[in-house]
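Tertiary structure, described
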Amino acid sequence: MSGPGIANPLGALAFLALAVLVLLYLRSRRRQAIPVATLFLWRRVRAPLVEHRSFRPDLLFWLQAAILAALAAACLRPYLERAAGAAPAARLLVLLDVSASMQARELDGVRFDLARARVQSELAGLPAGDEVMIVTAGARTSVGLRWSTDRALARSRLEEITALDVPTDLTPALELALAEARVRAARASSCSPTSRRRRAASRPRSRHGRVGTHRADGRQRRHRRCGGGRAAVRRHARHQRAGPGPELRARAAAGRARCARGWRHVDTAGALARGAREHLRDAA
Amino acid sequence: MQPASRSKRIVPTSRATIPGTSTGAPSPGLGTLLVRGFTAERQVAFHLLLDASASMSVPAGEDKLAAARELAMALAFIALAANDTVRTTVLLADGQARVSRLHGHRGAAAHVAEELAAATGGGALGLGAALEAYAARHAGPGVAIVVSDLMSEVDDLERGVRALRARRFAVVLAHVVAPSELDPRSLRHGVLRDAESDAVHAIRLTSAAMAEYRAVVAAHLAALRSLADRTRSLYARLVAGTSVGDFVTGDLARLGFVRRR
């Protein structure tokens, strides 16, 4: 349906301002009565009579009326509804990590199953007509589904994908996603434990100056960097014997919650590009 | 003032020692003939008819009524000073009139002043009908001085004047007029409203209309003068705001209505 419309019909009350303007104009232009001793002499004067036209607007009145009318019309909030063309379809690119790390079991299930369930929910929330592309990233990158609007096909392909016993090489997968992002304005989802490692790297260092991931029991699983020196080793051993403190336990709980999600959702191609660059830097 | 009454008084005018030159009676003396001369003057009853209609109060700022009151008071004082009698009549709206008693001595000047000062403008007045009504109630001989703006139809006014003349009144039309009535240049845009009837007349006050109005006023003044000639009355015009004394000693003296003694 197309045509003009009014979003605020009550705004028509603003046109009463025009009536007020006319009243003010008539009041200001009302002719003044001039008392005279007699009219019989004046009636003998053959002068033109003043027309009984009480409303004789001038240019200023029309200007004021135009301004008021424009303001009143704005109060109506008019709009013009036109038959719009088909909206450009949004696109969702799913980058699914199928490496062995996705087979890890979390508290609420296997990571890969969690990631796949999340992708399924994403697919269910997509409007009809949006295109979906699925890319799997394992030791090799493969395209699970080309751009398609077929939801059933996308769901079946998603069910067919399983986690493999292979290492992760996200670089070619991200490069492929970037290439697709260049040619299409795409939304992309990447499901990979790489992002989990990046979040861990961004967490504050522990009191021993080391960065690590946390196991479910809150203890550090491995150390990327070590402070070095026997004193540091002794402090670490003492810490391991004493068990985690309350701060470490809270961090471990937060880490578990993040790990349970197991994936990260990036909505824009720009963010995807930034993630790819970070990944390439980490890989280097 | 000119005598117009039949009642006579004898007032001394001169003293002479030449016998036979005067009409006075000889007085007895011791060898000297003393002759007194006397001039007979008539005592005149002056009827001052003051128009107090609403038209006398307009235009605002040019109070014709005040000028009329002042003129009436001056004439009354002259009459009283000459031992004439004066009756003031304030012509009110709707044919009403406030008539005073006849004042006959100089000490009544204060009373006359009070009566004239009590005259306030208001209402509509048909001057011709009011004069006719006055003539019906009062008879001459006497002098009827009509102090008014004479803003009425001449025919209507003539009926009143003729009624007065029929009752043996000598009539003096003292026309009090405002300057803006003679030349209405000060009028601005608006609707003309009759002060007495509240009728309105909306015309464009163009320069041509003003010129035509001046011509109409001149014709009206000429008609009034013609009326005075036809009815053997006196007509004099006082412009409000000018000196009443100059009017009395100037215009009225030239008409012979007043003179020095």
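Now for a look at the structure at hand. (Residues numbered from 1 in each chain as written. Chains lettered and ligands numbered in written order. Predicted model: local features only at pLDDT ≥ 70, side-chain atom pairs only at ≥ 80, totals over all residues. Heavy atoms only, no water.)

Details of the overall build of chain B
As a reminder, the rule being used: Helical segments are the DSSP runs of H or I of at least four residues, strand segments are the runs of E of at least two, and each set is numbered from the N terminus. Under the scheme applied here, a residue whose accessible area is under 20% of the maximum for its type counts as buried, over 50% as exposed, and between as partly exposed, the area being computed with a 1.4 Å probe on protein chains only. Here, residues are in contact when the closest pair of their heavy atoms is within 4.5 Å. Computed with a 1.4 Å probe, the accessible areas rest on the Shrake-Rupley method; for each residue, only the protein chains presented here act as cover.
Looking only at helices and strands, chain B features seven helices and 11 strands. Within chain B, the proportion of its 261 residues that are buried is 47%. Counting only contacts in chain B whose residues sit at least 6 apart along the sequence, the fraction spanning at least 24 positions is 74%. Within the structure as shown, chain B displays about 12400 Å² of accessible surface, and the carbon and sulfur contribution to it stands at 53%.

Remarks on the nonpolar core
To be explicit about the condition: We call a set of buried Ala, Val, Leu, Ile, Met, Phe, Trp, Tyr and Cys residues a nonpolar core when their side-chain atoms join them within 4.5 Å.
W42 of chain A together with L127, L131, L157, L164, L173 and L192 of chain B are the most contacted members of the largest nonpolar core, which has 46 residues in total. Secondary-structure elements contributing two or more residues to this core are β2 (33-36) of chain A together with α3 (127-137), β7 (142-148), α4 (154-166), β8 (169-177) and α6 (207-230) of chain B. With nine residues, α6 of chain B is the largest single contributor of residues to this core. Contact partners of L192 of chain B, with chain neighbours within four places excluded, come to I34, V36, L39 and W42 of chain A together with L187, A199, V200, H201 and I203 of chain B. A72, L116, V147 and F257 of chain B belong to the second-largest nonpolar core, a separate cluster that totals 37 residues.

Some remarks on the pattern of salt bridges
Spelled out, the test is: For salt bridges, the criterion is a side-chain nitrogen of Lys or Arg within 4 Å of an Asp or Glu carboxyl oxygen.
Under the defined criterion, the tally for this structure stands at 11 salt bridges over all chains. Across the pair E106 of chain A and R111 of chain A runs a salt bridge whose closest N-O atoms are separated by 2.6 Å. The same class applies to E106 of chain A and to R111 of chain A, which are both buried. One salt bridge in this structure joins D251 of chain B and R254 of chain B, with 2.6 Å as the shortest N-O distance. Here the residue D251 of chain B and the residue R254 of chain B both occupy positions in helix α7 (residues 244-254), the gap between them amounting to three residues, near one helical turn. Salt bridges linked by common partners bring K64, D149 and E181 of chain B together as one network.

As for the packing of α3 of chain B against α4 of chain B
Residue and element names in this part refer to chain B. Note the threshold: To obtain an axis, a line is fitted to C-alpha atoms, over the contacting stretch when the element is a helix, and the angle between two such axes runs from 0 to 180 degrees between their N-to-C directions. Relative orientations are named as follows: roughly parallel for angles under 35 degrees, roughly antiparallel for angles over 145 degrees, roughly perpendicular for angles from 65 to 115 degrees, and oblique for any other angle. Should the near helix be turned anticlockwise from the far one by less than a right angle, the crossing is termed left-handed; should it be turned clockwise, right-handed. Residue classes follow a fixed rule: Ala, Val, Leu, Ile, Met, Phe, Trp, Tyr, Cys and Pro count as nonpolar, while Asp, Glu, Lys and Arg count as charged, and any other residue, Gly among them, counts as polar.
Viewed as axis vectors pointing N to C, α3 and α4 meet at an angle of 15°, and their least axial separation amounts to 7 Å. Taken together, α3 and α4 sit at an angle that is classed as roughly parallel. As α3 packs across α4, the resulting crossing turns out to be left-handed. Here L127, G128, A129, L131, E132, Y134 and A135 of α3 come into contact with α4, specifically with D156, L157, R159, G160, V161, A163 and L164. Considered class by class, the residues forming the contact of α3 with α4 number nine nonpolar, two polar and three charged.

Considering the pairing of β8 of chain B
All names here are of chain B. Rule in force here: In this scheme, strands are said to pair when DSSP sees at least two bridges between them.
Counting buried positions along β8 gives eight out of nine residues, so the element sits mostly inside the fold. Here β8 runs beside strand β11 (residues 234-239); their pairing, made up of six bridges, is parallel. Along β11, the bridge assignment pairs V177 with V239.

A look at the packing of aromatic side chains
This is how the line gets drawn: Any pair of Phe, Tyr and Trp rings, taking the six-membered ring for Trp, is counted once the centres come within 6.5 Å. Such a pair is stacked with planes under 30 degrees apart, edge-to-face with planes over 60 apart, and tilted for the rest.
Within the structure shown, the criterion is met by five aromatic pairs over all chains. Considering the side-chain rings of Y25 of chain A and F61 of chain A, the 4.9 Å spacing of their centres and the 50° angle between planes classify their relative orientation as tilted. One end of the pair, Y25 of chain A, is in helix α1 (residues 16-28); the other, F61 of chain A, is in helix α2 (residues 59-76), and 36 residues separate them in sequence. Just as Y25 of chain A is buried, F61 of chain A falls in that class too. The interplanar angle of 10° and the centroid separation of 3.9 Å between the aromatic rings of W42 of chain A and Y213 of chain B together place this pair among those described as stacked. Taken together, the positions of W42 of chain A in the loop between β2 and α2 and Y213 of chain B in helix α6 put the pair across two chains. Aromatic ring contacts, followed pair by pair, group Y25, F61 and W62 of chain A into a single cluster.

Considerations on the interface of chain B and chain A
Here is the rule: By definition, the buried area sums, over both parts, the 1.4 Å-probe accessible area that each loses when the two are put together. Identification of polar contacts relies on pairs of N or O atoms within 3.5 Å, with a donor-acceptor requirement for protein atoms, meaning one able to donate a hydrogen and the other able to accept it, and with residues adjacent in sequence counted only if both atoms are side-chain atoms.
With 32 residues of chain B at the interface, the matching set in chain A holds 21 residues. Approximately 2600 Å² of surface area, both sides summed, lies buried where chain B meets chain A, with 67% of it carried by carbon and sulfur atoms. At the junction of chain B with chain A, the criterion picks out one salt bridge. Its salt-bridge partner being R44 of chain A, residue E153 of chain B comes within 2.9 Å of it at the nearest N-O pair. Where chain B touches chain A, the interface holds four residue pairs in polar contact (both at pLDDT 80 or more). Looking at the side of chain B that touches chain A, the elements with two or more residues in it are β9 (191-194), β10 (200-201) and α6 of chain B. The element best represented in the side of chain B that touches chain A is α6 of chain B, accounting for seven residues.

Some thoughts on a nonpolar patch on the surface
All names here are of chain A. Going by this rule: Each patch groups residues whose relative accessible area exceeds 30% and which form no salt bridge, using 9 Å between like charges and 5 Å between nonpolar side chains of Val, Leu, Ile, Met, Phe, Trp and Tyr.
On the surface, L60, L63, I67 and L71 cluster together into a nonpolar patch covering about 400 Å² of accessible area. Tracing the backbone through its elements, the reader meets I67 in helix α2. When its relative accessible area of 47% is taken as the criterion, I67 is described as partly exposed.

Brief notes about the packing of helix α3 (residues 111-125) of chain A against helix α4 (residues 151-160) of chain A
Residues and elements named next belong to chain A. Two elements in contact, α3 and α4, have axes separated by 11 Å at closest approach and are oriented at 180°. With respect to each other, α3 and α4 are oriented roughly antiparallel. Each of R116, V119, Q120 and L123 in α3 lies in contact with α4, whose residues at this interface are R151, A154, R155, L158 and E159. Split by residue class, the contact of α3 with α4 holds four nonpolar, one polar and four charged.

Some details on the sheet that holds β7 of chain B
Residue and element names in this part refer to chain B. The mixed open sheet is built from six strands, whose spatial order is β6-β5-β4-β7-β8-β11. At either margin of the open sheet sits one strand with a lone partner, and together these are β6 (97-99) and β11. Taking the axes of each pair of neighbouring strands and ignoring which way they run, one obtains an average angle of 20° across the sheet. Docked against the sheet, α6 engages β8 and β11, running at close to 145° with respect to β11.

With respect to the environment of T242 of chain B
Residue and element names in this part refer to chain B. One can find T242 in the loop between β11 and α7. T242 gets classed as partly exposed once you look at its relative accessible area, which sits at 43%. It is 9.6 Å that separates the C-alpha atoms of T242 and P179, two residues lying 63 residues apart in sequence. Within polar-contact distance, the side chain of T242 engages the backbone oxygen of V239 at 2.5 Å.

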